[in-house]
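Results of the structural survey
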Amino acid sequence: MKEKPDHSAAPAPETSSDPAGSAAVQAVVSGLDPVEALQVEKLYRAGEVIMLQDEPGDCAYFVQSGRVEIVRQRPDGSEIEVGRRGPGTLIGEMAIVDDGPRSATVRALEDCRLLEISKADFSRAVKNANPIVGLVTKLILMRYRDILQRSENVREFAGVTTMLEQQERYHAEESRVLDAVRMANEFKGAVARQELFLEYQPFIQIDTGRVIGFEALMRWHHPVSGRMRPDLFIPMAEDTGLIVEATRWAFRESCKTLKRLITHTGDSALFISVNFSAQDFDDPGFPDEMLFILHETGIHPSQIHLEITERLLLRQSEQVKQILLQCRQYDMQIAIDDFGTGYSSLSYLHQYPVTTLKIDQSFVRNMTSDEGALGLVKSILSLSENMGLSIIAEGVETQQQVDMLKSLKCQVAQGFFFARPMSEQDAARLLTMQRTHHDRA
Ligand code: C2E
Ligand code: CA
Ligand code: CA
């Protein structure tokens, strides 16, 4: 840690922070990392107030040494201690997430060395999208909620929540974040170490029972924990931005698999559906990169379905729209995954070049017993007909559901009733069986 004599004095207000601009300029001139140069170290003596409840704040502090206590003032002016923090912890983090006043007073219990993290530093770091920043943001938001919840506790159970409980809660929270950081570090090399693999779940033409394509689903073979389900690692990979590399890998791998399946079966109409996350759309060069991969692997763009979520479209981002338009221009198909679970409206469907709606599993599962779910499936089907969109029913598990979908004129389905996600070898076998069956008929 660099010592900065100018800023390491006790917290007299005039030394509380260097004017951000000048420190940054000096840093650039002197060749230092401007973000690092803006980090100000502060010393507080035991008993000194570090921040005051209800006052505005524009920085958080990382406790390097010493311990602090966090207290909240009750309306009658008395105080209640709501926690203590020691080295390696963060205080005052709410201020760099929003513009609200300090939610508590923080006092030094011992002489403390604190590292200031200004709102400006934080925003810049987030913008630079360092993968760890996503996790730190999560930590901050967790703490934010924790603080809010604690302030509820203070109001409702003043005196009941012991300090020990508070500390245990911090430790639990810290270890969750540490687990997430650890998992992110392990995931970082997963593509290079060939720990990721794909399984393929078929799409079935309901009338004929024919396999017309596959969805590629990602799995991670973790070196210690073994096979990991995507819902355990995809959210982490999205939060850290690591998903982008994984998606690129999945896309290339899916194209290669599709090529092999087409060669193996001679069925040139097969398509493959790949799942994309919001972070994949941060790079405007992404459609061209996909086009390059398609060219490299010999797949026609129309044989690619991009699966995206309603949430992505609800962001109303011009960049997302442009990327999707370009993908459509290249003739890729665009499917909305889990359709019906977001806040879909006709207006946003019109704004984007969507080609397919995948009816969410929950509606398919419930439509045979719940009028509401059935009504929703019917309206999605009529919506798709009016808009000229294709429909895929997800999560089909029973014959009854198949029959109902048939009667509703839904043509394509996917689900455990037909097949679970499988290896490429099994997918090839399934297609061969289908062809043999067809040739015999
Ligand atoms: P999803 O895209 O909605 O994928 C469908 C999930 O439902 C898959 O779970 C599939 O195995 C499961 N499923 C299929 N048919 C049935 C059924 O009849 N009944 C039930 N109960 N489940 C069924 P999986 O493979 O565990 O994937 C979970 C989620 O992880 C996916 O949901 C998707 O959101 C995400 N995911 C998977 N692979 C990728 C990927 O390559 N990239 C991204 N960004 N997300 C992925
Ligand atoms: Ca999907
Ligand atoms: Ca889905």
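The preceding data block contains the structure.
Rules of the game
Residues numbered from 1 in each chain as written. Chains lettered and ligands numbered in written order. Predicted model: local features only at pLDDT ≥ 70, side-chain atom pairs only at ≥ 80, totals over all residues. Helix = DSSP H or I, 4+ residues; strand = E, 2+ residues; numbered from the N terminus. Buried ≥ 20, exposed ≤ 12 C-beta atoms within 10 Å, placed from the backbone. Contact = placed C-beta atoms within 7 Å. Pairing = 2+ DSSP bridges. Axes fitted to C-alpha atoms, helices over the stretch in contact; angles between N-to-C directions. Core = buried A, V, L, I, M, F, W, Y, C linked by C-beta atoms within 7 Å.

A tally of regular secondary structure across the protein gives 16 helices and 17 strands. Scored against the burial criterion, the 441 residues of the protein give a buried share of 30%.

What follows deals with the environment of Arg67. As for its placement among the helices and strands, Arg67 is situated in the loop between strand 3 (59–65) and strand 4 (68–73). We classify Arg67 as partly exposed; it has 16 C-beta atoms within 10 Å. Here the alpha-carbon distance between Arg67 and Ala46, two residues 21 residues apart in the chain, equals 8.9 Å. Those residues in contact with Arg67, other than ones at most four positions away along the chain, are Arg84, Arg85, Gly86, Leu109 and Glu110.

Let's shift gears to the sheet that holds strand 4. Spatial strand order, 2-7-4-5: 4 strands in an open sheet with antiparallel pairing. Where the open sheet ends on each side, the last strands, each with one partner, are strand 2 (49–51) and strand 5 (79–85). Between one strand axis and the next, the sheet turns through 30° on average, direction left out of account. The sheet contact formed by strand 4 and strand 5 spans 6 bridges and is antiparallel. Following the sheet pairing, Arg72 is matched in strand 5 by Ile80.

To continue, consider the nonpolar core. Of all hydrophobic cores here, the largest spans 66 residues; its most connected members are Phe187, Val274, Leu306, Ile334, Ile359, Ala393 and Ala413. Counting residues per element, this core draws most heavily on helix 8 (residues 243–265), which supplies 8 residues.

Ordered by their spatial adjacency, 4 strands build an open sheet running 1-8-3-6, and the pairing between neighbours is antiparallel. The sheet terminates laterally at strand 1 (41–44) and strand 6 (90–91), the two strands that pair on one side only.

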